[in-house]
Amino acid sequence: MVRGRISRLSVRDVRFPTSLGGHGSDAMHTDPDYSAAYVVIETDAEDGLKGCGITFTLGKGTEVDWSREGCGAPGDSSHPKCSVGLVGQAGGKACLEVTRGHEEQMLAQGYPAYTTSCAWLGYSDDTLKQLCTQALKDGWTRFKVKVGADLQDDERRCQLIRDVIGPEKTLMMDANQRWDVPEAVEWMSKLAKFKPLWIEEPTSPDDILGHATISKALVPLGIGVATGEQCHNRVIFKQLLQVKALQFLQIDSCRLGSINENLSVLLMAKKFEIPVCPHAGGVGLCELVQHLIIFDYVSVSASLKNRMCEYVDHLHEHFKYPVVIQRASYMPPKDAGYSTEMKEESVKKHQYPDGEVWKKLLAAQEN
């Protein structure tokens, strides 16, 4: 039975000036403006059924996605158009065999998360201390710090964070593809004293054998390799798993071209017994990936050992159904759909370049 036919498609360039506060800054992206190509597919169904989707970019990339999506081009596997979720009753029903005990655990305790919000590379030392201290008070026990631009600066910042969070809390590091293979090994041998659980994206995401080399070299130091947020299909993940190039697998809900592609990676991770610790943050990635991690636990992995999902405390206020974090954990969403719908007021205000926010900023830059 067909509930409705597509009646309208809109694509809008939505950008948030996160660079003004140094939010999202890392060794490869010093002043990103978190952005998205926001797609809405409307139907003529009586109940108003529609689909909303996003492609997360850092600003300029939205222009590429917008031009491609706006003219109806199919895109390519290296940069999928978007993840689109239905909003309405259809988006909330699925026929899944689940373990009731795992469902109840998720409803009561949620899925464990870690925070990246307190340690962006562009933050001052005072900001780092303040945010890490507040995160501890809020119950966070897992922290990630951006590294890779300057070794001495990395050592100073990591020491500062360890001094605040103490030796028992979990610390991860993220180089955002900054190093070549020998440099990654040498750099991490210097940072090993801070006891990181993993180094994330130590080199080019396409260098599968390079990751394997780094992974093998860091075993004696007790440091794992985490990667995957830039992997665009299940074949890349298959090869990373086959050569033991990672100890923590990071899917991205938008980078992989569909829910089905993400599910195939979850199944492979289960086969290879590698924990999935998804990439999130950006614009709407936390809202999307919460569905995947809870499905993984309830229906695939049935384990929380060495598993956690990234959380970044930015921009959730612009979504109609934002994630809910309690006790440093993702709580299962209760609304139907894929949580992709943005507030219309926010979209209009941040639309580039004609929204209210950008008119003011661009006018100020000209003056």
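Thresholds, definitions, all that
- Residues numbered from 1 in each chain as written.
- Predicted model: local features only at pLDDT ≥ 70, side-chain atom pairs only at ≥ 80, totals over all residues.
- Heavy atoms only, no water.
- pLDDT = per-residue confidence, 0-100.
- Contact = heavy atoms within 4.5 Å.
- Helix = DSSP H or I, 4+ residues; strand = E, 2+ residues; numbered from the N terminus.
- Buried < 20%, exposed > 50% of the residue type's maximum accessible area, 1.4 Å probe, protein only.
- Pairing = 2+ DSSP bridges.
- Right-handed = clockwise from strand over helix to strand, strands pointing away.
- Core = buried A, V, L, I, M, F, W, Y, C linked by side-chain atoms within 4.5 Å.
- Phe/Tyr/Trp six-rings, centres within 6.5 Å; stacked < 30°, edge-to-face > 60°.
- Salt bridge = Lys/Arg side-chain N within 4 Å of Asp/Glu carboxyl O.

Colleague: Pulling in residues and values, what's your account of the confidence of the model for the chain?
Modeller: Averaged over the chain, the pLDDT score is 88; the fraction of residues at 70 or greater is 90%. Every residue in residues 69-98 scores below 50 in pLDDT, and together they form 74 contacts with partners more than four places removed in sequence or on other chains.

Colleague: Could you give me a rundown of the environment of C309, with the residues and numbers involved?
Modeller: With respect to the helices and strands, the residue C309 is situated in strand β11 (residues 309-311). Exposure remark for C309: the relative accessible area of 0% places this residue in the buried category. As for C309 and Q290, which are separated by 19 residues in sequence, their C-alpha atoms are 8.3 Å apart. Not counting the four nearest positions on each side in its chain, C309 is found in contact with Y111, P112, A113, Y114, P278, A280, V289, I293 and Y330.

Colleague: So, the pairing of strand β6 (residues 142-146): which residues are in play, and what are the values?
Modeller: Of all the five residues making up β6, four are buried; the element is thus mostly covered by neighbouring parts of the structure. For β6 and strand β7 (residues 170-174), the ladder comprises five bridges, and the chain directions are parallel. Its bridge partner lying in β7, K146 is registered against D174. Read from β6 through helix α4 (residues 151-165) to β7, the crossover connection turns out right-handed.

Colleague: Residue-level account of unusual backbone geometry, with values.
Modeller: Along the chain, Y352 connects to P353 via a cis peptide bond; the corresponding omega equals 0°. Note that P353 resides in the loop between α10 (344-350) and α11 (356-366). Notably, N306 is not glycine yet its phi reads approximately 60°, a positive angle. Position of N306 among the secondary structure elements: in the loop between α9 (285-301) and β11. Residue class for N306 comes out partly exposed when judged on its relative accessible area of 42%.

Colleague: Describe the nonpolar core, and please don't skip the residues or the numbers.
Modeller: Counting residues in each nonpolar core, the largest one holds 84 residues, and the members touching the most others are V147, M173, I199, L249, I251, V283 and Y330. With nine residues, α9 is the single largest residue contributor to this core. If you look at the next biggest cluster of nonpolar residues, it comprises seven residues, including W198, A226, F248 and M308.

Colleague: Lay out the packing of aromatic side chains with the relevant residues and their values.
Modeller: Tallied over the full model, the rule gives seven aromatic pairs. Between W198 and F248, the aromatic rings sit 5.0 Å apart at their centres with planes inclined by 50°, giving tilted as the arrangement. Of this pair, W198 sits in strand β8 (residues 196-200) while F248 sits in strand β10 (residues 248-249); the two residues are 50 residues apart in sequence, bridging distant segments of the chain. Ring centres of Y352 and W358 lie 5.3 Å apart, and the angle between their planes is 80°; on these two criteria the pair is classed as edge-to-face. Of the residues examined, Y352 reaches a relative accessible area of 25% and is grouped as partly exposed.

Colleague: Before we move on, could you go through the pattern of salt bridges and cite the residues and values that matter?
Modeller: Following the criterion strictly, the structure yields 14 salt bridges and no others. Close ionic contact of K144 with E310 constitutes a salt bridge, the shortest N to O distance being 3.0 Å. Note that K144 is positioned in strand β6 and E310 in strand β11, a separation of 166 residues in sequence. The class of K144 is buried, set by a relative accessible area of 1%. The class for E310 is buried, based on a relative accessible area of 2%. Put simply, R234 and E261 hold a salt bridge, and the shortest N to O gap is 2.7 Å. Of this pair, R234 sits in helix α7 (residues 234-242) while E261 sits in helix α8 (residues 259-272), and the two are 27 residues apart along the sequence.

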